[in-house]
Amino acid sequence: MIGLDNCIVTRYTDREVIRSFRHAGLEKFFKTGSKAGIQPAHAKKLESQLFALNEAENPLEMNLSGWRLHELQGDLAGHWSVRVSGNWRMTFRFEGEGAILVDYRDYH
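Summarised in this report is the structure supplied together with it. (Residues numbered from 1 in each chain as written. Predicted model: local features only at pLDDT ≥ 70, side-chain atom pairs only at ≥ 80, totals over all residues. Heavy atoms only, no water.)

1. Some words on the packing of helix H1 (residues 24–32) against helix H2 (residues 43–55)
Any two packed helices are characterised by the angle at which their axes cross and by the distance between the axes.
Line of reasoning, step 1. Closest axis-to-axis distance for the H1/H2 pair is 11 Å, and the angle between their directions is 80°. By the angle class used here, H1 and H2 are roughly perpendicular. Of the residues in H2, those in contact with Leu-26, Phe-29 and Phe-30 of H1 are Ala-43, Leu-46, Glu-47, Leu-50 and Asn-54.
Line of reasoning, step 2. Residues that form the contact of H1 with H2 fall into these classes: six nonpolar, one polar and one charged. (Axes fitted to C-alpha atoms, helices over the stretch in contact; angles between N-to-C directions. Helix = DSSP H or I, 4+ residues; strand = E, 2+ residues; numbered from the N terminus. Parallel < 35°, antiparallel > 145°, perpendicular 65-115°, else oblique. Contact = heavy atoms within 4.5 Å. Nonpolar A, V, L, I, M, F, W, Y, C, P; charged D, E, K, R; others polar.)

Okay, structure coming up:
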């Protein structure tokens, strides 16, 4: 018997919310599952966050427990951030109903 952890589920939607990435490793992870460009320990959380972001219609839909969604200021005004782990954040901006400039960064 195959467990749920071994199943791959594909969802077909008529729109893609994530339209551009700033971080090449995160984009590769999103499109192929390759962990080569990210911290492997962050893969499960990033997978959940990218799935949620790709389904979101606005940034407030990323306000899930433990993700610490907040709008950034200064040079990144208009961008939003969710906590991945420790100092690591996934940041993004919404343009219409689409996410752009999706990034993965370590804030020291």
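Having seen the structure, we can now continue with the description.
2. Digging into the packing of aromatic side chains
Line of reasoning, step 1. Here the structure, examined in full by the defined rule, presents three aromatic pairs.
Line of reasoning, step 2. Taking 5.6 Å as the distance between ring centres and 40° as the angle between the ring planes, the aromatic pair formed by Phe-21 and Phe-30 counts as tilted.
Line of reasoning, step 3. For the pair Trp-88 and Tyr-104, a centre-to-centre distance of 4.5 Å together with 25° between the ring planes defines the contact as stacked. Taken together, the positions of Trp-88 in strand S3 (residues 88–95) and Tyr-104 in strand S4 (residues 98–106) put the pair 16 residues apart, joining distant regions of the chain.
Line of reasoning, step 4. Residue class for Trp-88 comes out partly exposed when judged on its relative accessible area of 21%. (Phe/Tyr/Trp six-rings, centres within 6.5 Å; stacked < 30°, edge-to-face > 60°. Buried < 20%, exposed > 50% of the residue type's maximum accessible area, 1.4 Å probe, protein only.)

3. As for the environment of Gly-37
Line of reasoning, step 1. Summarising the element assignment, Gly-37 is placed in the loop between H1 and H2.
Line of reasoning, step 2. Each C-alpha atom of the pair Gly-37 and Leu-26 lies 6.5 Å from the other, and the pair is 11 residues apart in sequence.
Line of reasoning, step 3. Not counting chain neighbours up to four residues away, the residues in contact with Gly-37 comprise His-23, Gly-25 and Tyr-104.

4. Thoughts on the side chain of Arg-89
Line of reasoning, step 1. Note on placement: Arg-89 falls in strand S3.
Line of reasoning, step 2. Within the local environment of Arg-89, its side chain forms a polar contact with the backbone oxygen of Gly-86, the two atoms lying 2.7 Å apart.
Line of reasoning, step 3. Contact partners of Arg-89, with chain neighbours within four places excluded, come to Ser-81, Val-82, Arg-83, Val-84, Asp-103, Tyr-104, Arg-105 and Tyr-107. (Polar contact = N/O pair within 3.5 Å; in protein donor to acceptor, adjacent residues only side chain to side chain.)

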